[in-house]
Amino acid sequence: MVSSVATDKMACRQKLQMFDHDPGATSAKLCSPDGGTTIKYLDMREYTSLLVAAMLTVPGTGGSITKVEIVASADAAFTSPVVIEDSGAVAADATGDYVVAECTAEEIAQAGTDNGVDLRYAAARITMSAADAEACVSYLANPRYPQDGLTATTIA
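This write-up is about the structure you can find in this document.

### A short note on the overall build of the chain
Item 1. Secondary structure assignment for the chain yields one helix and nine strands.
Item 2. Put simply, the chain runs from its N terminus to its C terminus through helices and strands in the order β-β-β-β-β-β-β-α-β-β.
Item 3. Expressed along its principal axes, the backbone C-alpha trace of the chain runs to roughly 50 × 45 × 25 Å.
Item 4. When contacts within the chain are restricted to residue pairs at least 6 apart in sequence, long-range pairs at least 24 apart make up 75% of them.
Item 5. Summing over all exposed atoms, the chain offers an accessible surface of approximately 8300 Å²; the carbon and sulfur share of this is 53%.

### Some details on the sheet that holds strand E1 (residues 15-21)
Item 1. One open sheet holds the four strands; their spatial order is E1-E9-E4-E7, and the pairing between them is antiparallel. Two strands bound the open sheet, and with one partner strand each, they are E1 and strand E7 (98-104). On average, adjacent strands in this sheet sit at an angle of 15 degrees to one another, irrespective of strand direction.

### A short note on the pairing of strand E4 (residues 47-58)
Item 1. Pairing analysis gives ten bridges linking E4 to strand E9 (residues 134-143), with the strands arranged antiparallel. Counted as the bridge partner of Met55 is Cys136 from E9.
Item 2. Here seven bridges tie E4 to E7, and the two strands are oriented antiparallel to one another. Bridge pairing in E7 links Leu51 to Glu102.

What counts as what
Residues numbered from 1 in each chain as written. Predicted model: local features only at pLDDT ≥ 70, side-chain atom pairs only at ≥ 80, totals over all residues. Heavy atoms only, no water. Helix = DSSP H or I, 4+ residues; strand = E, 2+ residues; numbered from the N terminus. Contact = heavy atoms within 4.5 Å. Areas by Shrake-Rupley, 256 points an atom, 1.4 Å probe, with all protein chains shown as cover. Pairing = 2+ DSSP bridges. Axes fitted to C-alpha atoms, helices over the stretch in contact; angles between N-to-C directions.

Shown next as structure tokens:
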């Protein structure tokens, strides 16, 4: 029998977002479905920690994920991003391979202090070895104040 109870325990205690990352380049690109034009980020003023997972979905012409970073910026345009976490060199070269990076709001605040800026926004920055490769990127964040609707079904 299917439950008629609307369960919303995890979805109000964690923020989960998933994005198609289509960088169109082999240089490091902020998580974006359109080569960096639309940046997918979180306002860390609302969260205590962030986990980023990037999974290779389209290898393209021999492509792979070669690095995953979490970067933070004082502005949502990411004009001067500061690296918070860095996976180092990786070779996620088979469909389904994925790389994970994680940081806390405290790490972001300390990096801001160290660089003389107030860092507020965080995003994944991913380097891929082929311009036609793509990845599915997930952000999982713990909210400062749990609330209904943090994670919801999204259909474009």
